[in-house]
Each structure stands twice: as structure tokens, then as C-alpha cells.
Amino acid sequence: MENKILVNIDKCIGCKKCVIDCPMSNIIIKDKKAIVLSNDCLICGHCQAICPKNAIEITGFDEDIEEVDKYILNPEEYLRSIKTRRTIRDFRDDDIDDYIINQIIESGRYAPTARNAQDVSFIILKDKKDEFENIAVLFFRRLIKVAKVFSVSLRKINIDDNFFFKDAPIVILVVSKNKIDGSLASQNMATMAESYDLGVLFSGFFTVISRHSKKIKRELNLNRKEKVVMTLVIGKANVKYLRTTNKEDAKVLKL
Ligand SMILES: Cc1cc2nc3c(=O)[nH]c(=O)nc-3n(C[C@H](O)[C@H](O)[C@H](O)COP(=O)(O)O)c2cc1C
């Protein structure tokens, strides 16, 4: 359904908040009422979100709008969660509740996208997870035979049957034609999974294989422009990390 921005003239008080906040300069005030110039805009909803009188509606969505209480992440806790995060490569096979999977998807859906394109989609591999991993393992074993001739570091790689998904209960493929949009959604999703005490592996190897294996591309049924941007392997961790480790100092240039 088409997205149209509707102003309820009876509610509008002409306060200009929407005019000032609109990133597309798409609203003016005339006779003390907001007027939307065009529906050819980002449909970002800032006008709707900022209106003190709830006078703006955007058509074409089923979802209920939620009122926002001031909510700020605790910065100390947030940074601690970032510092203590680790890539997990050893998972328990405990099933993940559908509610939690949905919350993870929601955190991806609400990530910002350039020009509000909302061009990110999600493929959940659960029942067919092993099937996809088998295809990737066979493909990669063939590929690596050749690559090993040229690369010393690749010679150490052992591609066992669980090389990509590490026996985790679910894998979510984040698909987009825009790498940045897909990556932002993926980071939100990883953080959301971690907030449910789940571990995450970004399986870069599977992401690469998904772009080269014709069989996987066919099975995923993506259109020509869409690509798997990130492969999120998710499950309860079977390991516990007891301390943080060092990272290089931030390279910061102050100008
Ligand atoms: C985009 C991306 C792809 C990655 N791909 C893989 C992968 O295919 N297999 C793997 O074991 N680790 C993968 N990693 C994990 C990195 O090796 C890991 O983040 C790094 O060694 C630092 O460890 P830490 O995440 O525990 O801090 C990936 C990480 C990122 C960000």
C-alpha cells in the first residue's frame, strides 16, 4: 500500500517542529497549519514522531505506533557489554525460542538504512541449515585444495562438517543490496542476541561462499542485486570467557 503523509488539520497547532526536523524540507506552514509538499520523500517518519499533538499519520503500515518514554542506554553497561563480547565458535544445541528470534529480527528491521531504503531482509536457516552447510563445505573443500597451493595460512585450515555453523541451532543470513545497511542491521542483531545471553559468530567464510556457489545462490532465491551481507550464527555459548583482552589503541586524528 502507498505511504502517504496525512496532517490532521484539527490537531495541528502550526508549531513548526516538523518543518524544522524534516530532513527533506518537505513541510511548510501555511495559515498556521503544516502542509506536506510531496509524498516523494524518505517516509522516515520524523514529522510523525516529533509532533507534540500526534497530528501526523503515515498510511500504508499495519504496525501500531508506540509512544516513547525517554530511554537512554546506560553508557558504562553498554561499553562493558561491547568490551566483554567475544566471537563464539562453540555452541550448545539448545533451541532458541521463536520470540527471541523475532526480537533479533526486529532489531535488524529497525536499523537505519541510507535514504530510509529499508532494503535489508533476513533468511533464517533452521531446518535446512545442515543442507546449506553441506553444500558450502563441499564447495569450500574443492576451492581450498587449489588455494592451499598459493597460501601458507590456508594450509592450516581444516574444513570439518561443522566448519561454517559450528553446530549452532540457528543461522540468520542478512541480505541486502547495500553492504552498509546490511552491516548496521547485523550489528544490532548481534547485540540483541547477546542481550538474551546468546553467542554470535559472524561467519564471513559462509558469506563469501554464498556469493560464489551457484547452488547456494539458487537455493536462496535472491535477485541479481541482493547479496548475503552477513551470516549470523547464533546459539547458547558452550564456552565462557573470563576476562577481556587487549585491542590496539584507537587511531584517532583530531583536526
Ligand atoms: C565480518 C566478520 C567475519 C568473520 N568471519 C569469521 C569466520 O568465518 N569464522 C570465524 O571463525 N570467525 C570469523 N570472524 C570472527 C573474527 O575472527 C573475530 O571477530 C576476531 O578474531 C576477534 O575476536 P573477537 O570477536 O572474539 O573479539 C568474523 C568477524 C567479522 C567481523
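Analysis parameters
Residues numbered from 1 in each chain as written. Predicted model: local features only at pLDDT ≥ 70, side-chain atom pairs only at ≥ 80, totals over all residues. Heavy atoms only, no water. UniProt positions renumbered as here; feature names shortened; annotations may be inferred. Helix = DSSP H or I, 4+ residues; strand = E, 2+ residues; numbered from the N terminus. Buried < 20%, exposed > 50% of the residue type's maximum accessible area, 1.4 Å probe, protein only. Pairing = 2+ DSSP bridges. Axes fitted to C-alpha atoms, helices over the stretch in contact; angles between N-to-C directions. Domains from an automatic or database assignment. Polar contact = N/O pair within 3.5 Å; in protein donor to acceptor, adjacent residues only side chain to side chain. Contact = heavy atoms within 4.5 Å. Near = heavy atom within 4 Å. Areas by Shrake-Rupley, 256 points an atom, 1.4 Å probe, with all protein chains shown as cover. Nonpolar A, V, L, I, M, F, W, Y, C, P; charged D, E, K, R; others polar. Phe/Tyr/Trp six-rings, centres within 6.5 Å; stacked < 30°, edge-to-face > 60°.

By the naming in an unreviewed UniProt entry, the chain goes by Nitroreductase/NAD-dependent dihydropyrimidine dehydrogenase PreA subunit and is assigned to Peptoniphilus stercorisuis. Reading the Sequence similarities (unreviewed entry) entry of the UniProt record for the chain gives the comment "Belongs to the nitroreductase family."

Novice: When you look at the environment of Lys215 in this model, what are you seeing that I'm missing?
Specialist: Position of Lys215 relative to the elements: it lies in helix 9 (residues 214-220). Among the residues examined, Lys215 registers a relative accessible area of 45% and is labelled partly exposed. Counting along the chain gives 74 residues from Lys215 to Arg141, while the straight-line C-alpha distance between them is 15 Å.

Novice: Just to check I follow, could you spell out the sheet that holds strand 6 (residues 170-176) for this structure?
Specialist: Each strand in a sheet pairs with its neighbour through backbone hydrogen bonds, running either in the same direction (parallel) or in the opposite one (antiparallel). Taken together, four strands build an open sheet; the order of strands is 5-6-8-7 and the sheet is antiparallel. Here the strands that pair on one side only, and so sit at the sheet edges, are strand 5 (120-125) and strand 7 (199-202). Strand-to-strand twist in this sheet, taken as the mean axis angle between neighbours without regard to direction, amounts to 25°. Sheet topology places strand 7 next to strand 8 (residues 227-235); four bridges connect them, and they run antiparallel. Residue pairing for strand 8: Gly199 is matched across the bridge by Gly235.

Novice: So what exactly am I meant to see when it comes to the domain arrangement of the chain here?
Specialist: For an interface, size is often stated in terms of accessible area lost upon the parts coming together. Annotation of the chain at the domain level lists domain 1 (5-58) and domain 2 (82-235). Taking only C-alpha atoms, the centre of domain 1 and the centre of domain 2 are 40 Å apart.

Novice: I would appreciate a short explanation of the side chain of Asn26 in the present structure.
Specialist: Among the secondary structure elements, Asn26 is positioned in the loop between helix 1 (17-21) and strand 2 (27-30). Overall, the relative accessible area of 6% leaves Asn26 in the buried class. From its side chain, Asn26 meets the backbone oxygen of Ser38 in a polar contact 2.7 Å long. Once you skip the residues sitting within four places of it in the chain, Asn26 turns out to touch Ile5, Ile35, Val36, Leu37, Ser38 and Cys41.

Novice: Is there a simple way to explain the site of the ligand in this structure?
Specialist: In the vicinity of the ligand, the residues found are Arg85, Arg86, Thr87, Arg89, Leu201, Phe202, Ser203, Gly204, Phe205, Met230 and Lys247. Here an oxygen atom of the ligand sits 2.6 Å away from a polar atom, N or O, in the side chain of Arg89. Between a nitrogen atom of the ligand and a main-chain N or O atom of Phe202, the distance comes to 2.7 Å. Contact with the protein chains covers 61% of the free accessible surface of the ligand, which is 610 Å². When contributions to the shell around the ligand are tallied by element, the ones reaching two or more residues are strand 7 and helix 8 (204-212). For the shell around the ligand, the residue count by class is four nonpolar, three polar and four charged.

Novice: Would you mind showing me how to read the side chain of Ser210 here?
Specialist: Along the chain, the position of Ser210 falls in helix 8. At 2.6 Å, the side chain of Ser210 forms a polar contact with the backbone oxygen of Thr207. Beyond its immediate stretch of four places on either side in the chain, Ser210 contacts Ile216, Lys217 and Val228.

Novice: Where do I start with the packing of aromatic side chains in this structure?
Specialist: Two numbers describe a pair of aromatic rings. These are the distance of the centres and the angle of the planes. Inspection of every chain in the model, using the stated rule, returns seven aromatic pairs. Aromatic side chains Phe140 and Phe163 sit 5.6 Å apart centroid to centroid with 40° between the ring planes, which places their arrangement in the tilted category. Separated by 23 residues along the polypeptide, Phe140 in helix 5 (residues 129-150) and Phe163 in the loop between helix 6 (152-155) and strand 6 bring together distant segments of the chain. Assigned by exposure class, Phe140 and Phe163 land together as buried. Through a chain of ring-to-ring contacts, the aromatic side chains of Phe140, Phe163, Phe164, Phe165, Phe205 and Phe206 assemble into a single cluster.

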